[in-house]
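Analysis of the macromolecular model
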Amino acid sequence: MLKNKFVLIGSVGLVCVIGTVLYNFFSGNTSDSTELVDYNLHVRPILSDKCFACHGPDAKARQGGLRLDIADSAYALLKENPSMHGIKPKDRAKSGLWLRISDEDPELLMPPPKANLALSADEIEILGKWIDQGAVYKPHWAFLPPKKAEIPKVKKKNWPKNEIDYFVLAEMEKRGLSPSDQADPERLLKRISLDLTGLLPNVKDQEDFFKDPSNESYKKEINKLLASPHYGEKMAISWMDLARYADSHGYQDDGLRTMWPWRDWVIHAFNKNYSYKKFVSWQIAGDFIEPNNKEAILATGFNRNHKITQEGGVIQEEYRTEYVTDRTNTFSKSFLGLTMECAKCHDHKYDPISQEEYYKTFAFFNQVDEKGLVGDISLGSLADPPLIKISKKEVNELLKFINLQDTTVSVMVMKDLEQRRPTHILRRGQYDQPDRTVGFGLPKAVLPYDTLNFSPNRKGLSDWMFDDNNPLVARVFVNRVWENFFGRGLVKTSGDFGLQGDLPSHLALLDWLAVDFKEHNWDIKRLVRQIVSSATYQQAANVSQEKIKKDPENIWLSRAPRLRLPAELIKDLILASSGLLIPDIGGPSVKSYQPDGIWESTTSGRGQLATYIQDHGKSLYRRGIYNFIKRTAPPPSMLTFDGPPRDQCEISRSRTNTPLQALILLNDPMINEAARVFAEKLLIEKKGNVDELIGVAFRKIVCRKAKLNEVSALEDFYKEQYKYFVSKAGQAEKVLDQGEYPHEKLKDKNEVAALALTILTIYNLEESISKT
Amino acid sequence: MQGYKSWISNILIGANFLLFFLAISADKIVLPTFLSWTGHFHPLLLHLPLGIASFSIILWLFKRNFSGSSFNEIYELTLSLSAVSSVFTALLGLFLSKGQDYDAVMLRNHLWSGVALSFFTWFSWWAFTNLERVKPFWTYLQVFGLALMSFAGHAGGSLTHGADYLNFPDKKEIDEDVQAVITDSTSYFQLAIRPILEKKCVSCHKKDKAKGDLILASNPNTTSDVWVAKHANFTEMLVEMVQRIDLPITDKEHMPPRGKEPLEPQEIVTLKNWINAGGNTNEILASIEQNHVLFADKELLLQSGSKIKMYTFPFLSSKKLASLNDAFTVVRQIANESPALKADFFITKSFEISKLDKLSAAKEQIIHINLSKMPIRDEDLSMITLFSNLEKLILNQTDITDKGIPSLKKLNKIRVLSLSGTEISIKSVPVLAAMKSLEEVYLWHTNITESEFQDIVKKYKNIKWYFGFSPSSTDILPLNGPILENKSLVLMENDSIRFKKSISGAIIRYTDDGSEPDSLSSQVYSHPLVFSKPVTLSVKIFKPGWISSPTYTFAFFKAGLKPDSTRWLTSPEPEYLGAGVQSLTDNSLGKIDQFRAGNWLGYKNNRMETLFKFKPGDAAAIRFVSVHYGINVQSYILAPQYVEVWGGDSERSMTLIKKKVLPVLVKEKLNEVGTSAVILEVNKPTRYFKVIVKNVDKLPTFHPGRGDRGWIFIDEVFFSK
Amino acid sequence: MSNPFFENQQHVTRRHFLGKLSVGLGSAALGTLLTKDLFSPKKSLEESIIAGIPHFAPKAKRVIYLFQNGAPSQLESFDYKPLLNKMVGQELPASIRGAQRLTGMTSGQDKFPLVGSKFAFNQYGQNGTWISEIFPNIAKIADDICVVKTIHTEAINHDPALTFFQSGAQQGNRPSMGAWLSYGLGSENSNLPAYSVLLSRGKGNGQGVYSKLWTNGFLDSVHQGVQFSNSDEPILYLENPDGVDAVTRRKMLDKLAMLNDENYKEFGDPEIQSRVQQYEMAYRMQTAVPEMMDLSKEPDYIVNMYGAESMVPGTYAANCLLARRLSESGVRFVQLYHQGWDQHGNLFNEMSGQAMDVDRASAALVQDLKQRGLLDETLVIWGGEFGRTNFCQGNFSEDNYGRDHHPRCFSIWMAGGGVKPGISYGETDEFGYNIVKDPVHVHDFHATVLHLLGMDHEKLIYKHLGRRFRLTDVAGKVIPGIIA
């Protein structure tokens with residue numbers, strides 16, 4: 001009896017254990033395999049990053065005859081092993097790909113250990129599952145023309161303000177995130193003013209908006225800001241980076257050039273709200289589209305902003321080829337979001353762009369009537385031919401937007417040769433190794449260049465860009481505008497929409513915006529208005545630890561980003577709040593304060609830019625966008641705040657935080673002068689006690705009312721400093737000896753100095769130089 | 001309450017019998033796969049009985065703290081849980097053992113000690129509830145249980161991690177063994193092969209684990225006994241090794257087996273090359289010369305990271321490492337793969353000796369300390385000796401003296417010691433020389449004299465001594481010129497002239513009459529100079545033991561009075577208009593290499609004629625009119641032919657006040673580049689001045705532009721008091 | 001009174017361990033503290049490279065690169081070719097010249113008359129290294145240096161050649177060598193820029209330098225070279241404005257920290273804390289630099305060693321001394337440029353002048369590092385961007401000649417940092433025109449320098465716009481022959 005009981009219990013126990021184990025074993029397996037693997041989302045990034053370099057579009061580099069970026073080639077039988085496929089859908093064991101990536105023999109393993117490109121265990125598993133599920137290929141998302149998707153349904157129905165918000169909210173809800181509250185009116189006003197004009201709202205605007213922060217007055221504010229002439233300046237900043245605008249030729253002697261009238265045109269075009277189509281097609285082919293319109297021709301200066309050598313002894317053709325290359329690369333990066341430059345020396349390793357297609361594109365830009373080296377640096381050529389001369393008269397009559405003083409100015413523009421220059425494929429990209437010639441064309445993976453529709457010149461190129469079926473141009477621009485506001489594009493790699501680029505975080509939204517943009521005649525101001533009117537944009541920037549954990553990069557936009565201002569806007573902010581800013585638009589670039597010796601120690605000693613001759617008077621107080629950029633020695637304050645040197649097209653800037661930035665914000669004479677002038681102005685007007693004056697300064701700089709403890713902390717500092725200056729005669733005068741701006745006549749220098757240092761402290765607050 | 005006891009009782013009976021049955025027939029049974037798979041949970045589960053049993057012992061020790069019967073209740077429950085977890089752990093362990101290839105003896109030890117433990121815990125539970133008379137011996141019983149548990153645990157640990165897992169490491173042996181420095185007489189095996197075997201093979205193929213009966217000891221002093229087991233001879237073993245390495249990974253015979261760290265491609269090549277070359281374990285590096293088949297491998301290994309010393313001390317945790325660092329103290333790994341650390345200290349002001357103390361958390365790992373310029377004193381050195389593995393110590397420019405040196409003797413691995421810039425004297429040298437491990441000592445800029453250097457080098461040859469640069473009396477160098485601190489040669493109302501010398505102990509002397517300054521009689525510059533009129537200074541620097549500097553001349557101008565108005569009477573060339581006519585009286589001079597900059601007015605086709613009008617008050621004060629011009633003879637820019645100053649009370653009634661004719665260009669000055677000035681004294685106060693400057697009409701025949709007109713470039717006309 | 005230097009310490013340390021560390025020198029330094037994670041699963045290469053720790057044990061920890069900008073002639077410095085003196089005025093054989101392309105300055109020339117060195121050569125050191133008489137002090141350290149006579153490049157003009165040497169690509173837009181090092185190794189002393197650039201100018205024909213030579217390219221801009229100014233206070237904007245002393249500054253920073261902290265409480269953005277840290281680091285930099293400049297603990301004759309010019313800011317000698325001090329204070333990469341080596345004409349006079357500028361201080365730097373026990377961990381490199389032709393440019397005359405650019409072979413030297421001392425590496429033909437043994441391409445040079453610093457040039461990569469970039473592009477191999 002007893003014995004039976006034991007056996008019974010023992011067996012039951014055993015069965016339970018075994019049963020549990022079996023259950024876990026199988027159920028674990030099934031739950032895994034149900035997860036669907038998507039080619040674009042999961043597989044392609046791995047294949048592209050780790051495999052395409054040797055098994056991709058580049059025919060010359062292809063190993064073992066295996067090509068993995070195209071389904072048919074990948075499914076085919078292997079040359080080396082005819083019993084095996086590259087990939088056999090649903091059969092790992094017959095798929096060479098699977099066997100090789102899962103092999104542990106280092107001599108067989110792919111990618112080969114030598115390539116320094118190991119696949120992680122997860123990645124291997126993804127590829128395995130993809131084969132199990134049929135190894136379905138899909139076309140690359142960016143090469144399919146965008147379509148307007150349906151506006152998604154959301155739970156929190158009262159939140160969205162426009163279409164953008166539905167797309168954003170839907171993604172948030174999928175991830176268990178919820179949007180932040182609307183930002184408080186002061187910060188919202190600062191944000192939108194900075195974003196649309198790059199300037200701070202004045203105190204009256206702050207008051208007005210604070211009193212009535214309704215949606216209506218927000219809309220009014222948008223209209224006002226969009227109509228401001230400073231809107232064009234703000235929009236132009238990133239266009240300057242992309243167009244590699246500078247005031248010198250670059251390369252070693254680095255002489256002066258005058259491209260600034262082109263810069264004035266860009267500002268003008270944004271202000272006039274030229275459609276993106278007109279704006280870009282004039283820059284690409286203004287000379288073809290409106291051959292008799294000097295403005296359209298001036299716009300083509302875009303393609304002449306590249307560096308030009310003045311080094312005696314260079315081989316002309318080497319450099320001329322370099323210029324054409326620069327134009328081609330700039331074109332593809334800025335308008336197509338493609339890294340075509342990779343295809344200069346060989347077929348692109350990741351994207352479907354052949355070397356032949358590269359040179360077909362190159363051909364459009366290879367027709368300029370130019371030389372590699374025009375002349376001696378000592379001749380000081382401000383513009384190399386082809387160029388146009390713009391007289392004061394023309395400015396007065398037609399080109400009113402150019403801020404020209406009294407002489408004539410020459411600007412480089414595009415002009416093609418009468419006789420077409422043949423374009424060769426260059427072996428390994430070398431100028432002296434021409435191969436066969438090619439005609440005009442563009443990558444057919446993007447959109448075939450049908451010579452029946454498109455003429456064989458830059459006009460045709462521009463038509464191709466704005467063809468309805470071009471999948472990239474609208475997306476790329478919309479994405480870049482988005483990046484300007486949110487600090488991060490919907491496609492994070494805003495310069496690479498190719499296979500190696502990041503996938504869009506909100507593909508449906510990107511496509512909706514792109515199509516909508518096209519449907520509304522490429523209207524830039526409308527696009528900007530859409531973005532800033534969205535609830536997404538108007539969220540507060542406060543963030544909880546939980547959100548930081550869930551979404552550290554703010555990919556899902558459940559809060560507004562906090563971003564440090566770009567170099568130009570920091571200058572603007574300091575000059576404007578202190579009342580020093582001269583808000584003139586356009587004109588020759590200005591040379592403000594700069595530490596001694598920066599140009600002198602780098603120069604070859606030739607040319608007009610051998611020494612830095614600082615400007616005086618009004619020129620010291622112009623906006624940051626007008627800073628003179630000498631390519632070989634750009635202003636250190638710009639470089640330190642991540643301004644690019646304009647050597648080549650830059651799509652986006654990095655945003656760093658370094659001790660050198662702190663040193664500039666504390667010690668730069670420009671900032672100390674502004675603090676001094678600001679203090680003098682406040683004390684001359686003297687509308688209140690010190691704490692009130694501090695409050696005024698705080699409000700002008702930070703754009704919000706200071707909190708009580710903020711004022712009292714600053715006032716303590718003021719008092720301490722005041723005492724210190726009283727105790728140390730002569731010290732205050734030293735502090736105030738900053739900058740060339742005339743001093744106000746004030747008796748108590750100690751008071752001014754203490755207030756100036758207090759204002760300097762406010763300038764150095766993290767919030768002051770941040771968009772919050 | 002009693003219910004659970006019968007359940008447990010039943011489970012224990014069943015499970016323990018099953019365990020016993022399986023254990024005795026272990027060799028014969030074959031388990032279904034899933035069961036042997038459940039065995040993988042053995043290492044997980046075994047912590048349960050360990051913990052529970054330990055807990056029961058603690059309970060027993062504290063039994064007096066419990067009131068009434070509650071102790072018995074809890075204690076019984078604990079014992080029962082301990083018994084249940086033990087039996088299942090043992091069962092799973094049994095399953096596990098089936099799937100693996102373990103050393104038979106060790107496995108037997110573990111298996112039966114595990115079974116015993118299970119039975120013991122079962123017995124304990126039963127005895128405590130039912131057997132009152134064991135109670136007096138209960139503590140002894142506990143001790144026995146603990147011992148049994150330790151034994152079972154040790155056997156298990158040895159099984160998975162190797163027999164020496166729980167032994168104390170025999171430190172001395174490992175250190176000497178592994179840290180051996182590679183020299184020419186090191187064997188190739190030591191350099192190239194042994195590290196691979198150690199890393200990838202020995203963990204399974206060693207004495208106690210001897211998988212496949214193969215033993216690869218890491219230090220084969222003789223090849224015969226340790227290398228070969230199954231094989232007839234050594235070569236045969238190597239052949240099999242190559243074969244196994246070459247098998248596809250999926251093959252069961254492949255080595256290292258699936259799941260173990262595979263051989264890197266380079267390691268395979270190295271191994272194969274060596275085996276092909278005969279697999280000699282004794283061949284030394286020196287004999288592997290240029291045409292030896294292993295030469296390339298040797299070179300590669302010597303240059304690549306494999307020359308890193310292997311250290312046996314453990315990695316410091318990243319958290320601990322982070323805590324040692326601050327803004328002024330940097331402690332880093334020397335390389336990605338190495339646990340060894342290097343410590344640097346920066347910024348004298350930030351240093352506190354406690355910082356060194358803090359590093360003792362890594363006293364094993366730190367092999368390199370740099371304390372340059374830190375305020376380290378003799379008594380602090382004892383703290384450094386804590387770092388027993390220290391190999392390099394830099395104490396340059398610290399405050400240590402001979403007194404501190406003896407304490408460094410404890411550093412028995414130190415190779416490099418740098419004491420430059422300290423107060424060390426010859427006294428310390430014997431102490432240092434006696435330190436066996438020391439290879440290099442740096443003693444530049446100490447109290448050791450030149451002649452002592454020679455002796456030291458001769459006497460102590462086991463160490464490389466470095467004494468660095470010392471100035472030689474025959475090497476006399478030229479001084480360079482004075483540095484003018486004024487930013488401009490134009491002196492404003494209260495400006496003084498300030499010079500700076502770059503070298504201490506040097507003397508600046510000057511003259512203001514154009515004569516060469518000499519080292520005896522010329523004025524010594526000691527404080528800023530003030531002059532009431534334009535002056536040209538010749539300045540030179542002297543210092544004993546140095547060649548005096550060249551003579552530098554500086555022409556200073558007093559800032560001019562600003563005219564009421566200025567007007568061109570003749571126009572400069574259009575490309576050289578400066579910043580307009582105001583440039584002439586803006587008190588700012590141009591630079592000689594920038595004729596296009598805003599300061600210069602250039603004339604070629606016209607001579608310069610300019611009219612200046614002054615306010616009556618200013619006019620009365622004017623004493624000097626100076627014309628400042630540039631010269632660049634090769635660029636056709638010459639000194640003027642003459643300068644005239646006209647004056648009068650109206651524009652019409654001008655008379656010539658002064659004129660100066662300049663010497664004509666001579667061949668020797670063909671390369672002249674510079675600036676100069678004509679200074680004319682005027683004593684007649686007038687309101688209007690006309691200044692005429694005439695350029696050379698024809699360049700001389702020895703000039704490349706012979707016959708052409710010369711240029712003049714004028715940046716300033718001073719009207720000064 | 002408490003030390004103002006430490007008053008805010010607590011503040012900093014507390015923040016150090018709060019939340020995510022943002023980009024910046026600080027995090028670069030902290031990133032270097034992570035030890036290898038032994039338990040992590042298989043990782044991709046990017047993940048497995050830990051910023052700031054060499055891939056394997058380095059020989060060199062720091063680099064001082066004495067760049068001779070303009071390209072000094074190898075034929076008048078380290079590559080002794082007596083045949084050229086014998087064949088003066090004779091035509092360069094076409095077989096030797098081969099298909100070498102010529103610059104725009106000599107391509108019009110129809111004659112290529114050979115010209116020998118006007119300067120005498122002698123052998124120095126135990127291995128008898130040939131060195132020209134215009135470098136008497138470098139000759140004295142012949143046993144410490146490794147002369148590489150077979151460096152070669154592809155560019156034939158200054159701008160692309162310089163850019164190639166500094167960034168591994170002729171057209172630039174790539175990070176420069178120092179930026180790669182800063183990225184790979186981080187800074188040792190976070191109170192100073194990891195990558196410092198010092199400029200000087202000789203009297204010879206100059207070609208200028210460009211900030212793209214020390215650019216961070218696509219790397220984060222913390223890796224940018226910091227150009228020092230030629231004044232007593234080398235780092236731009238380092239000095240407090242007149243009238244603001246350290247106490248005032250400290251107080252201001254404390255207020256700033258407090259106010260920023262308030263803001264952090266409101267927004268929770270870790271960037272705010274990070275900015276506070278950067279201000280503290282800036283403050284420390286203000287202390288670190290003057291200390292680094294301080295010579296008071298060194299003997300007077302250090303001036304004698306480097307030459308009197310070393311006391312004049314902005315000269316090559318002063319920069320060499322400054323380079324030593326920076327390097328000693330933990331700066332990873334100190335890049336000097338000395339301009340004026342472009343002798344297309346008037347070579348005899350200009351080159352002896354240029355040599356005078358650099359000879360004593362270059363040698364002093366090597367000796368100075370050595371006497372401090374630092375030479376073994378500091379790599380010193382001396383050389384230009386290409387070589388010069390063995391034929392004369394322009395009209396040939398007995399007392400005046402010039403040489404055009406020559407990319408096929410030229411000489412540089414290296415010392416310390418794990419380089420084999422006292423040797424000459426590689427050989428050129430007797431015309432000094434082509435390499436006959438052991439060529440070293442610029443990419444090889446880069447690979448070798450990275451190797452000496454403990455980095456595998458094929459593994460030091462950065463992914464940018466879809467592509468993995470390296471300093472050595474797709475080429476380069478380590479040259480074992482020059483490694484000790």
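Cut-offs and rules
- Residues numbered from 1 in each chain as written.
- Chains lettered and ligands numbered in written order.
- Predicted model: local features only at pLDDT ≥ 70, side-chain atom pairs only at ≥ 80, totals over all residues.
- Heavy atoms only, no water.
- Helix = DSSP H or I, 4+ residues; strand = E, 2+ residues; numbered from the N terminus.
- Buried < 20%, exposed > 50% of the residue type's maximum accessible area, 1.4 Å probe, protein only.
- Lys, Arg positive; Asp, Glu negative; His and termini not counted.
- Salt bridge = Lys/Arg side-chain N within 4 Å of Asp/Glu carboxyl O.
- Contact = heavy atoms within 4.5 Å.
- Buried area = accessible area lost by both parts, 1.4 Å probe.
- Phe/Tyr/Trp six-rings, centres within 6.5 Å; stacked < 30°, edge-to-face > 60°.
- Core = buried A, V, L, I, M, F, W, Y, C linked by side-chain atoms within 4.5 Å.
- Pairing = 2+ DSSP bridges.
- Axes fitted to C-alpha atoms, helices over the stretch in contact; angles between N-to-C directions.
- Expected span 1.5 Å × (residues − 1).
- Polar contact = N/O pair within 3.5 Å; in protein donor to acceptor, adjacent residues only side chain to side chain.
- Parallel < 35°, antiparallel > 145°, perpendicular 65-115°, else oblique.
- Nonpolar A, V, L, I, M, F, W, Y, C, P; charged D, E, K, R; others polar.

**Remarks on the side chain of Lys149(C)**
Residue and element names in this part refer to chain C.
- Counting through the fold element by element, Lys149 comes out in strand β4 (residues 145–152).
- Among buried charged residues, Lys149 stands out as having no salt bridge; its nearest opposite-charge side chain is Asp79, 4.2 Å away.
- Not counting residues within four places of it along the chain, the set of residues in contact with Lys149 comprises Phe78, Asp79, Cys409, Phe410, Ser411, Ser424, Tyr425, Gly426 and Thr428.

**Regarding the interface of chain C and chain A**
- Counting residues at the interface gives 86 residues for chain C and 93 residues for chain A.
- Summed over both partners, the interface of chain C with chain A comes to about 7,500 Å²; 53% of that surface belongs to carbon and sulfur atoms.
- Three residues, Tyr237(C), Phe267(C) and Arg275(C), lead the burial of chain C against chain A; their summed loss comes to 12% of the area buried on that side.
- Taken together, chain C and chain A are joined by seven salt bridges.
- Salt-bridge contacts for Arg187(A) lead to Glu266(C); the nearest nitrogen and oxygen are separated by 2.7 Å.

**Digging into the pattern of salt bridges**
Residues and elements named next belong to chain A.
- Applying the stated rule across the entire model yields 96 salt bridges over all chains.
- The partner of Arg92 in a salt bridge is Glu125, and the shortest N-O contact between them spans 3.4 Å. Of this pair, Arg92 sits in the loop between α4 (71–75) and α5 (96–102) while Glu125 sits in helix α6 (residues 121–132), and the two are 33 residues apart along the sequence.
- Lys294 is the salt-bridge partner of Glu394, the closest N and O atoms lying 2.6 Å from each other. Taken together, the residues span a long stretch of sequence, with Glu394 in helix α17 (residues 392–397) and Lys294 in helix α14 (residues 294–299) at a distance of 100 residues.

**Notes on the packing of aromatic side chains**
- Counted under the stated rule, the structure contains 97 aromatic pairs over all chains.
- Arranged with centres 4.8 Å apart and planes meeting at 85°, the rings of Trp599(A) and Tyr612(A) form a pair that is edge-to-face. Of this pair, Trp599(A) sits in the loop between α23 (567–578) and α24 (636–640) while Tyr612(A) sits in the loop between α23 and α24, and the two are 13 residues apart along the sequence.
- On the numbers, 6.5 Å between centres and 75° between planes, the contact of Trp600(B) with Phe713(B) is edge-to-face. Separated by 113 residues along the polypeptide, Trp600(B) in the loop between β15 (565–568) and β16 (601–603) and Phe713(B) in strand β23 (residues 712–720) bring together distant segments of the chain.
- Judged by its relative accessible area of 0%, Trp600(B) is buried.

**Some details on the nonpolar core**
- Among the nonpolar cores identified, the biggest contains 325 residues, and Trp239(A), Trp262(A), Trp265(A), Tyr276(A) and Trp413(C) are the most heavily contacted of them.
- Beyond its immediate stretch of four places on either side in the chain, Trp262(A) contacts Trp239(A), Met240(A), Ala243(A), Tyr245(A), Gln283(A), Leu298(A), Ala299(A), Gly301(A), Phe302(A) and Asn305(A).
- Core analysis: the second largest hydrophobic core is formed by 52 residues, Leu185(C), Leu199(C), Ile423(C) and Val449(C) among them.

**A look at the sheet that holds strand β18 (residues 624–632) of chain B**
All names here are of chain B.
- A sheet is described by the order of its strands in space; here four strands give the open sequence β16-β23-β18-β21, paired in antiparallel fashion. In this open sheet, the two strands that pair with only one neighbour each are β16 and β21 (673–681). For this sheet, the mean angle separating the axes of adjacent strands, direction not counted, is 30°.
- Pairing analysis gives seven bridges linking β18 to β23, with the strands arranged antiparallel. Residue pairing across strands places Ser626 opposite Phe718, the latter belonging to β23.

**A word on helix α13 (residues 276–289) of chain A**
Residue and element names in this part refer to chain A.
- Under the 1.5 Å per step criterion, the end-to-end length of α13 is only 15 Å for 14 residues, more than 12% shorter than the ideal 20 Å.
- Across the 14 residues that make up α13, a large majority, ten, are buried.
- All of the buried residues in α13 are Tyr276, Phe279, Val280, Ser281, Trp282, Gln283, Ile284, Ala285, Gly286 and Asp287.

**Notes on the side chain of Thr611(A)**
- Topologically, Thr611(A) is positioned in the loop between α23 and α24.
- Assessed through its relative accessible area of 7%, Thr611(A) is described here as buried.
- The contact partners of Thr611(A), leaving out residues within four places of it in the chain, are Trp599(A), Glu600(A), Lys591(B) and Gln594(B).

**Comments concerning the sheet that holds strand β19 (residues 642–648) of chain B**
Residue and element names in this part refer to chain B.
- Spatial ordering of the open sheet is given by β15-β17-β22-β19-β20, a layout of five strands whose pairing is antiparallel. One side of each edge strand has no neighbouring strand; the edge strands of this open sheet are β15 and β20 (655–661). Averaged over neighbouring strand pairs, the angle between their axes works out to 15° when direction is ignored.

**Section: the environment of Gln539(A)**
Residues and elements named next belong to chain A.
- Mapped onto the elements of the fold, Gln539 is located in the loop between α21 (524–533) and α22 (545–550).
- For Gln539, a relative accessible area of 0% translates into the label buried.
- Beyond its immediate chain neighbours, meaning those up to four positions away, Gln539 contacts Trp159, Met172, Pro179, Ser180, Asp181, Gln182, Ala183, Arg191, Leu557, Ser558, Arg559 and Ala560.
- A polar contact is formed between the side chain of Gln539 and the backbone nitrogen of Ser180, at a distance of 2.9 Å.

**Regarding the packing of helix α9 (residues 246–267) of chain C against helix α10 (residues 270–293) of chain C**
Residues and elements named next belong to chain C.
- Closest axis-to-axis distance for the α9/α10 pair is 8 Å, and the angle between their directions is 170°. Taken together, the axes of α9 and α10 are roughly antiparallel relative to one another. Taking contact as the criterion, the partners of Ala246, Arg249, Arg250, Leu253, Leu256, Ala257, Asn260, Asn263, Tyr264 and Phe267 in α9 are, on α10, Pro270, Ile272, Gln273, Val276, Tyr279, Glu280, Tyr283 and Gln286.
- Residues belonging to the contact of α9 with α10 are distributed by class as follows: eleven nonpolar, four polar and three charged.

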